[in-house]
Amino acid sequence: MSWFTEAWTPHIKFSVKIKEHLYSETTPFQQLEIYDSFELGRFFTLDGIMMANEKDEFIYHEMMIHTPMSVNPQIEHVLVIGGGDGGSVRELVRYPSIKSIDMVEIDERVVRACQTYFEITTTGLHDPRVTLMFEDGLAYVKNTKKTYDLIVVDSTDPVGPGEGLFSMAFYENCYRILSKDGILINQHESPYFEKESTEMKRAHKKIKSIFPIVEVYQAFIPTYPSGHWLFGFASKVYHPILDMKTPLIQSIGYQTKYYNKELHVGSFALPNYVKNALRDL
Ligand code: SAM
C-alpha cells in the first residue's frame, strides 16, 4: 500500500495511506491527482498539495459561505473565484434568496475531474443560477462590468496560478466591483508555519489598506498545514459580529455539520500571537 505525502515544511511531512490512485492529469495549469484513502475517503491534490477530502471538506466550505450569509441575508449576486471542486457553490445554492452565482475558475480540468471522481462537492454546479467561467480570476475582476454583493476567493496558495489572487490589483478590483454593502471572503492561509504565516500577513496588509472593515476568523481543518486555518472577512459596511443576524441557513432548515451561530462569533476570537501578527502590519 502506498502513501500520499505532503511536505508542510522542509522538516514536517503529512502522509495519508492510499487505497487507490483514481486519476492523474497534467492540466495546462497544475498537476491534478485524485486518490481514495482509508481514513479521509476520496481526496484531490493540486501540485502535490491537499485541496479537499470527503472527511473534512465541509468545515472549510461551511465557514467560507455561512459566515457572510449570516451577516447580510440580502446577498443576491455572488462571485466565486477559484473553487474548482464546487464546494463553495454547493453551500451557496442552499439559499433561495441568492439570484446568481458566477464561478470563475482558471482550470476547467479541475471541475470536470471533480464531477467524475470527487462528486461530494460538485452537487451545486448544475443549479440554473450558476454560471461557470473558465478564466483567470485576476483578469475577470479587472474587466467585468458586473456588481456583486459577495465575492468568495476560494483559491489555491499564492503560488503558480493562484499568485495573482493575492495581489493589490486583485483586491482593489474586488472592492470596485462589490456593491455599496459588499463583503469579500478569502482563504487567508494560516498563522502557524512560516510559509503560510508570511502569506497571511502579506494578504492581510493589502486588504487592510483597501477595506474599512477587515477581520479574520479561524477554523480547525486537520488536513491543512498545522490544522489552524484562517479566513478573511473584508467589508464596506458590515461588521461580522456586530451586524450578525440569526443565521439564514437555520431558517432554511439545513443542518450544517460545522457552522453555528456561537461558532460564528467564537471563530473571530483569535489567539494573541495571531492578533499581534495581524495588528502590527
Ligand atoms: N475549495 C477547496 C478547499 O476546500 O480548500 C480548494 C480550493 S480550490 C480547489 C482552488 C482553485 O483555485 C483551484 O481549482 C485552482 O484551479 C483555482 N485557481 C487558482 N488560481 C486561479 C486564478 N488565477 N483564477 C481562477 N481560479 C484559480
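Look up: the structure comes first, before these words.
The structure displayed is predicted, hence computed values, not measured ones. (Residues numbered from 1 in each chain as written. Predicted model: local features only at pLDDT ≥ 70, side-chain atom pairs only at ≥ 80, totals over all residues. Heavy atoms only, no water.)

*Asks:* Looking at this model, I keep getting lost on the sheet that holds strand β1 (residues 3-9). Mind explaining?
*Replies:* Pairing between the strands of a sheet comes from backbone hydrogen bonds, and it takes one of two forms, parallel or antiparallel. Overall, antiparallel pairing links the five strands, which are arranged β1-β2-β3-β4-β5 in an open sheet. Looking at the sheet topology across the chains shown, the edges are occupied by β1 and β5 (49-53). On average, each strand axis in the sheet is inclined to that of its neighbour by 45°, with strand direction left out of account. Relative to β5, strand β4 (residues 41-46) is paired through four bridges, and the arrangement is antiparallel. Each bridged residue has a counterpart across the sheet, and for Phe-44 the counterpart in β5 is Ala-52. (Pairing = 2+ DSSP bridges. Helix = DSSP H or I, 4+ residues; strand = E, 2+ residues; numbered from the N terminus. Axes fitted to C-alpha atoms, helices over the stretch in contact; angles between N-to-C directions.)

*Asks:* Quick question: what am I supposed to make of the pattern of salt bridges here?
*Replies:* Oppositely charged side chains can pair when the atoms bearing their charge come close. The tally for this structure, following the rule as stated, stands at ten salt bridges. Here Arg-129 ties to Asp-127 by a salt bridge, and the two come within 2.9 Å at their closest N and O atoms. Across this residue pair, the class does not change: Arg-129 and Asp-127 are buried. With its nearest N and O atoms 3.5 Å apart, the salt bridge here joins Glu-196 to Lys-195. Assessed through its relative accessible area of 2%, Glu-196 is described here as buried. You can call Lys-195 partly exposed: its relative accessible area is 42%. Beyond isolated ion pairs, a larger network of salt bridges with shared partners links Glu-57, Arg-90, Glu-91 and Arg-94. (Salt bridge = Lys/Arg side-chain N within 4 Å of Asp/Glu carboxyl O. Buried < 20%, exposed > 50% of the residue type's maximum accessible area, 1.4 Å probe, protein only.)

*Asks:* Can you walk me through the side chain of Thr-256 in this structure?
*Replies:* Turning to its location among the elements, Thr-256 is positioned in the loop between α7 (248-252) and α8 (261-266). A distance of 2.6 Å separates a polar atom in the side chain of Thr-256 from the backbone oxygen of Tyr-259. If we ignore the near neighbours within four places in the chain, the residues touching Thr-256 are Glu-62, His-66 and Ile-249. (Polar contact = N/O pair within 3.5 Å; in protein donor to acceptor, adjacent residues only side chain to side chain. Contact = heavy atoms within 4.5 Å.)

*Asks:* What am I meant to see in the sheet that holds strand β11 (residues 213-220) here?
*Replies:* Pairing is mixed across the open sheet formed by seven strands, whose spatial order is β8-β7-β6-β9-β10-β12-β11. If you trace the sheet from one side to the other, it starts and ends with β8 (130-133) and β11, each paired once. The mean angle between the axes of side-by-side strands here comes to 15°, regardless of whether they run parallel or antiparallel. Pairing geometry for strand β7 (residues 100-104) and β8, over four bridges, is parallel. Bridging from a neighbouring strand, Asp-102 pairs with Thr-131 of β8.

*Asks:* When you look at the pairing of strand β6 (residues 77-82) in this model, what are you seeing that I'm missing?
*Replies:* Regular strands place side chains that alternate from one sheet face to the opposite one. Counting buried positions along β6 gives five out of six residues, so the element sits mostly inside the fold. In this structure, β6 lies alongside β7, joined through five bridges in parallel fashion. Residue Val-80 lies in a different strand from β7, and its bridge partner there is Met-103. Once the chain exits β6 it traverses helix α2 (residues 87-92) before rejoining the sheet at β7, and the crossover so formed is right-handed. (Right-handed = clockwise from strand over helix to strand, strands pointing away.)

Everything listed here is a matter of coordinates, which is why it stays silent on function.
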